[in-house]
Amino acid sequence: MLRTVLAGLRARPLRLLLSALAIALGVAFVAGAFVLSDAVGARLRAGVAFETRGVDASIGATRRGAVLDETTLAKVRAVPGVAAAEGRVTASAPVRDTTGRPRDSAVTALATDPGLRPFDLADGRFPRTTGEIAMDRTAAAGRTLGRPVTVFGEDDRPRTFTLVGTFSRPVGSGLGGAPLVLLPAALRELSPGTSIGEIVVRAAPGAPQLVADLTQAVGGQGVEVLTGREAAARLLRETAPDSTGLTKFFTAFAVLAMIVAAMVITNSFTILVAQRARELALLRCIGAGKRQVFAGVLAEAVVVGAVASVAGLFGGLGIAAVLQGITGEEVSLPLAGRTVVAALAVGVLVTTVAAALPAWAATRVVPVEALRTPLEGRSARPRWPRAVLAAMLLAAGIAAAVAALNVEAESGAALAVTAMAACLAALLAAGPLLAGPVVRLLGVVGTPLLGHPARLAALNADRNPKRTAASAAALTIGLAVVALVTTMAAGVEAGRGQGLAEQVRADFVVTSVAATRPLPTTLAGTLAGVPGVAVAVPRHSFSGGLGPYGAYAMAAVRGDVLGSLLRPVVVSGRLDRLGPGELAVSKELAAQTGLAVGDRLQAGPRDRPVPLRVVAVYDAVDAPGADLGLALVDLGQQAAIALGDRGYDDSVLVRLDPGVSGDRVRPALEQALAGAPLARLDSVAEVGDQLSAPLRGTLDLLWALTALAVLIAFAGIANTLSLSVLERTRESALVRALGLTRAGLGATIAAESVFVALLGAVCGLALGVGSAWLMTRVASTPGEPVLFALPWGRLGVLLAAAVLAAPLAALLPARRAARGSLTAGMTEQ
């Protein structure tokens, strides 16, 4: 039996080629997901090793109030066994880019000891005077050595340095090292209030008790001394990336790809078993038992799965490299043993499981089949059980969808996913019932365009509707996911735009390019004096105490003009204005604390509480410069309830006089901002673009990932057509003998592929769009609306791509059918 299996594999390599391709693509996705996850971890470990190289001891402050200064550094250098000690200082330092606009950045001090520098010289040299600067080579792109670089100090005044060198460090590690390097004296001048963040020490040879000696000299009172390895381990823990989330993200698409691949494999082996009915019956005649037949078919699947998995493993490396290149990351391809085992195991297991049902069907072939001529046609089994199952699944999906619309968002999301899964299962169950009528209709529509090839294609597809539906099902799943994600993304983008337009009544928002650098206190008054400006009001984000409820991120704005600038959706109460002693809380905070309109509380520091009364519960859109946080108070109330000296985010909201054009006033506003070099002026439309940009990038990545599942689906269509061509060799020869040309036969195969693709594409788009409608209804809130906005352009591209790709999938099967010999085909058994 083993020799028979091997002989069969040698005799039918092309029949199994596309089946193997489907598995190889799916395995490539699985392997790529693991490689990408491992690459993130490898980059982080490389970055940590780079950051702590040469460090034998690390000294840091462990509590607020503990300060590392020059006195501490001098004590460290005086400890026996210390070869070198450096204070690492990092400060905010916005820099003017090559276009002249200020950008947020950071600067660090150049260590005197080269062995304690966490970067390497790439070009030029490091600074030698206070007027020189070095930049990370990525940040220095577009700049030339010897040219001036403008950096803004702590007082927001611009200072000019000469670029003398560039340096490099591991990229993509997530450590976020400062891209600017100055001498310590220059950094102190730029940012006088910055203290040492960490003292790193290089030990002299033969100093085994260095950490103990350092602890005795400077330890205690909130100062901790660690070995270099302990410091590296802590840094690794604190900056560990969300590799678990990344793995889950890519694994979700890997699962999708493997499900589609499994469907292709099942369909392929089902066709192969049907075509080999006489061969299997002959094996039964000469003594092969059912178990041997079952094992023989599974053995073929295992061989196919193993070969495809090896190819897919290397394909996964290629996918990981391409995705890293697209995202701009340094290409890293760590191949761990876990990745190899998982890829091979998944590929072989999925192939084996997918082939189990066809293998079981092979055991039902009776020896008398060896005497019959196999005929392709409709199954004689009753169709009503399939119809009943599809109806039950559809009813379950509708019930879950109705329930999702009547519960909270979190529970509704789970029910919506359940509804989508149930409807997908109903669609797959009803596929053989729908395939016949649909392809017959497509044949009628296509006949005026293609003539007899369209009619023959419809007859061929309708002859075995179960096979046609199985071929289309893989495409249905892939396009359903793409349509769902695309429509949801369009809905989120449209909802944010509508939320901004309805809730942010300001025409312009002025923010600081560096969150740690507040805008000048006089800026709002300056902008208010610009002709055409009706009102300009500062908005502050800060941490405020709400008595027994704790500290929360809050916002403050002038309450007397609140309604003319910001109009969040009011869930309860009123919010046209805010006065002293009044508090508005977000829907989220109300749910967390139980606060409601009319409640009173003592806010602010414990030693000087301030009475506040809740006057409104709101739901607001989250936008840069217009974020209302979890609670909102009048601007005059901020100082009394804030838990710090100043806020962490400032902005100025500008509203123009009625009928005044923003384009006409903008130049005057830009001129008024000349005294605030770090201020950034954005219209509300530009703020919306900032919110949508990451969403568009994510959508493009999702399209690229899901395209692999669609590619597998088309491989399945090509495989089905190839096997069908072999199955219909005599029929193809007969129609050619009756007058159908080679081109006509090829057009018939291509039309059949288009019909199958259209069936899968239309079902997938309908399911995806319908699920997106349900998701938008569940996820939408008054403050953060998610609209049901159909992206006609992208959906049209999907449908057009499916129609255009179908003839390509049929290219090789059509060529094979057209090249067949008439005489040989007529004598085929």
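Conventions adopted
Within each chain, residues carry numbers counting from 1 in the order of the written sequence. Under the rules for a predicted model, residues below a pLDDT of 70 receive no local features and side-chain atom pairs below 80 are neither given nor counted, while totals for whole chains, interfaces and linings still include all residues. Heavy atoms from the whole structure form the basis of all side-chain values; hydrogens and water molecules are not counted. Structural elements are reduced to axes, namely lines fitted to C-alpha atoms, with helices fitted over the stretch in contact, and the angle between N-to-C directions of any two is expressed from 0 to 180 degrees. Runs of E in the DSSP output that reach at least two residues are strands. Runs of H or I that reach at least four are helices, and both are numbered from the N terminus. Oblique is the label for every angle not falling under 35 degrees (roughly parallel), over 145 degrees (roughly antiparallel), or within 65 to 115 degrees (roughly perpendicular). When the near helix sits turned anticlockwise from the far one by under a right angle, the crossing is termed left-handed; a clockwise turn instead gives a right-handed crossing. Residues are treated as being in contact if the distance between any of their heavy atoms lies within 4.5 Å. The residue classification treats Ala, Val, Leu, Ile, Met, Phe, Trp, Tyr, Cys and Pro as nonpolar and Asp, Glu, Lys and Arg as charged. All others, Gly included, are polar. We call a residue buried when its accessible area falls under 20% of the maximum for its residue type, exposed when it is over 50%, and partly exposed in between, using a 1.4 Å probe and counting protein chains only. For two strands to be treated as a pair, DSSP must find at least two bridges joining them. To form a nonpolar core, buried Ala, Val, Leu, Ile, Met, Phe, Trp, Tyr and Cys residues must be joined to one another through side-chain atoms within 4.5 Å. Note on aromatic pairs: the rings of Phe, Tyr and Trp (six-membered ring only in Trp) are paired at centre separations within 6.5 Å, and the planes decide the class, stacked below 30 degrees, edge-to-face beyond 60, tilted for the rest. Salt bridges are counted wherever a side-chain nitrogen of Lys or Arg sits within 4 Å of a carboxyl oxygen of Asp or Glu. To count toward a patch, a residue needs a relative accessible area over 30% and no salt bridge; like charges are then connected within 9 Å, while nonpolar side chains (Val, Leu, Ile, Met, Phe, Trp, Tyr) are connected within 5 Å. All accessible areas in this document rest on Shrake-Rupley with a 1.4 Å probe, and a residue is counted as covered only by the protein chains that are shown. Counting of polar contacts relies on pairs of N or O atoms within 3.5 Å, with two restrictions inside protein: one atom must be capable of donating a hydrogen and the other of accepting it, and residues adjacent in sequence are counted only when both atoms are side-chain atoms.

Asks: Hey, could you run me through the packing of helix 14 (residues 465-503) against helix 23 (residues 792-809) in this one?
Replies: Between two packed helices, what matters for the description is the angle formed by their axes and the separation of those axes. Between helix 14 and helix 23, whose axes approach to 10 Å, the crossing angle comes to 165°. Comparing their axes, helix 23 and helix 14 come out roughly antiparallel. Note that helix 14 runs across helix 23; the crossing there is right-handed. Contacts between helix 14 and helix 23 involve L479, V482, A483, T486 and T487 from the former and R794, L795, L798 and A802 from the latter. Here the residues of the contact of helix 14 with helix 23 are counted per class, giving six nonpolar, two polar and one charged.

Asks: Is there a simple way to think about the pairing of strand 1 (residues 57-61) in this case?
Replies: A regular strand places its side chains on the two faces of the sheet in alternate fashion. Judged by how many residues are buried, strand 1 sits mostly within the fold: four of five residues are covered. In this sheet, strand 13 (residues 223-227) lies alongside strand 1 in antiparallel orientation, the contact comprising five bridges. Across the sheet, residue S58 finds its bridge partner in strand 13, namely L226. Pairing of strand 1 with strand 12 (residues 198-203), which is carried by three bridges, proceeds in the antiparallel orientation.

Asks: Whenever I open this one, the nonpolar core confuses me. Can you help?
Replies: Side chains of nonpolar character tend, in soluble globular proteins, to be buried together. Residues I23, V260, L475, L479, I712, F714 and I717 are the most contacted members of the largest nonpolar core, which totals 78 residues. With residues near it in sequence (within four places) discarded, I717 still touches S471, L475, S753, V756 and A757. Grouped together as the second largest cluster of nonpolar side chains are 35 residues, V89, A91, A186 and V218 included.

Asks: Teacher, can you tell me more about the packing of aromatic side chains here?
Replies: Two measures describe an aromatic ring pair: the distance that separates the ring centres and the angle between the ring planes. The tally for this structure, following the rule as stated, stands at two aromatic pairs. Ring geometry for F119 versus F126: centroids 5.6 Å apart, planes at 50°, classification tilted. According to the relative accessible area criterion, F119 is buried, its value standing at 4%. Between F119 and F167, the aromatic rings sit 4.8 Å apart at their centres with planes inclined by 40°, giving tilted as the arrangement.

Asks: What exactly am I supposed to notice about the pairing of strand 12 here?
Replies: Relative to strand 12, strand 2 (residues 82-88) is paired through six bridges, and the arrangement is antiparallel. Of the residues in strand 12, the one forming a bridge with R88 is E198.

Asks: Just to check I follow, could you spell out the pattern of salt bridges for this structure?
Replies: A side chain with one charge may pair with a side chain of the opposite charge, provided their charged atoms come close. Counted according to the given criterion, the structure contains 21 salt bridges. Between D156 and R517 there is a salt bridge whose closest N-O contact spans 3.3 Å. Placement of the pair is D156 in the loop between strand 9 (148-152) and strand 10 (158-168) and R517 in the loop between strand 14 (508-512) and helix 15 (523-528), with a sequence separation of 361 residues. Residue D156 shares its accessibility class with R517, and that shared class is buried. One network of salt bridges, with partners in common, ties together R574, D576, E582 and R613.

Asks: I'm lost on the environment of L787 in this one. Help?
Replies: Mapped onto the fold, L787 is located in the loop between helix 22 (742-779) and helix 23. The class of L787 is partly exposed, set by a relative accessible area of 25%. As for L787 and R496, which are separated by 291 residues in sequence, their C-alpha atoms are 8.9 Å apart. Ignoring sequence-local partners within four residues, the contact set of L787 consists of G491, A494, G495, Q498 and T776.

Asks: Got a minute to help me understand the sheet that holds strand 1 in this structure?
Replies: The strands that make up a sheet are held in pairs by hydrogen bonds between backbone atoms, and each pair lies either parallel or antiparallel. Taken together, the four strands give an open sheet; going across it, the order is 2-12-1-13, and neighbouring strands pair in antiparallel fashion. Each edge of the open sheet is held by one strand with a lone partner, namely strand 2 and strand 13. Here the strands of the sheet are splayed against their neighbours by 20° on average, with no regard to which way each runs. Along the sheet face, helix 3 (residues 70-77) touches strand 1, strand 2 and strand 12 and points at about 165° away from the line of strand 2. Along the sheet, helix 6 (residues 228-238) makes contact with strand 1 and strand 13, crossing strand 13 at roughly 105°.

Asks: Teacher, can you tell me more about a nonpolar patch on the surface here?
Replies: A contiguous nonpolar surface patch, about 370 Å² in accessible area, is contributed by W384, V388 and M392. Residue placement: W384 occurs in helix 11 (residues 384-404). You can call W384 exposed: its relative accessible area is 61%.

Asks: How should the side chain of Q503 be read in this particular structure?
Replies: Structurally, the position occupied by Q503 is in helix 14. Here V621 takes part through its backbone nitrogen, which lies 3.0 Å from a polar atom of the side chain of Q503. With sequence-adjacent residues up to four places away left out, Q503 is seen in contact with L565, L566, R567, P568, V569, D619, A620, V621, P782 and G783.

Asks: Sorry, what's going on with the packing of helix 13 (residues 452-463) against helix 22 here?
Replies: With their axes 8 Å apart at the nearest point, helix 13 and helix 22 run at an angle of 55° to one another. Taken together, the axes of helix 13 and helix 22 are oblique relative to one another. Two packed elements cross with a definite hand, and for helix 13 against helix 22 that hand is right-handed. Where helix 13 approaches helix 22, its residues P453, A454, L456, A457, A458, N460 and A461 are matched on the opposing element by G744, A747, T748, A751, E752 and F755. The class makeup of the residues in the contact of helix 13 with helix 22 is nine nonpolar, three polar and one charged.

Asks: Looking at this structure, how should I read the side chain of T166?
Replies: Mapped onto the elements of the fold, T166 is located in strand 10. T166 sits in the buried class, given a relative accessible area of 11%. Excluding residues within four positions of it along the chain, T166 makes contact with D120, L121, A122, D123, M135, R137, A140 and L145.

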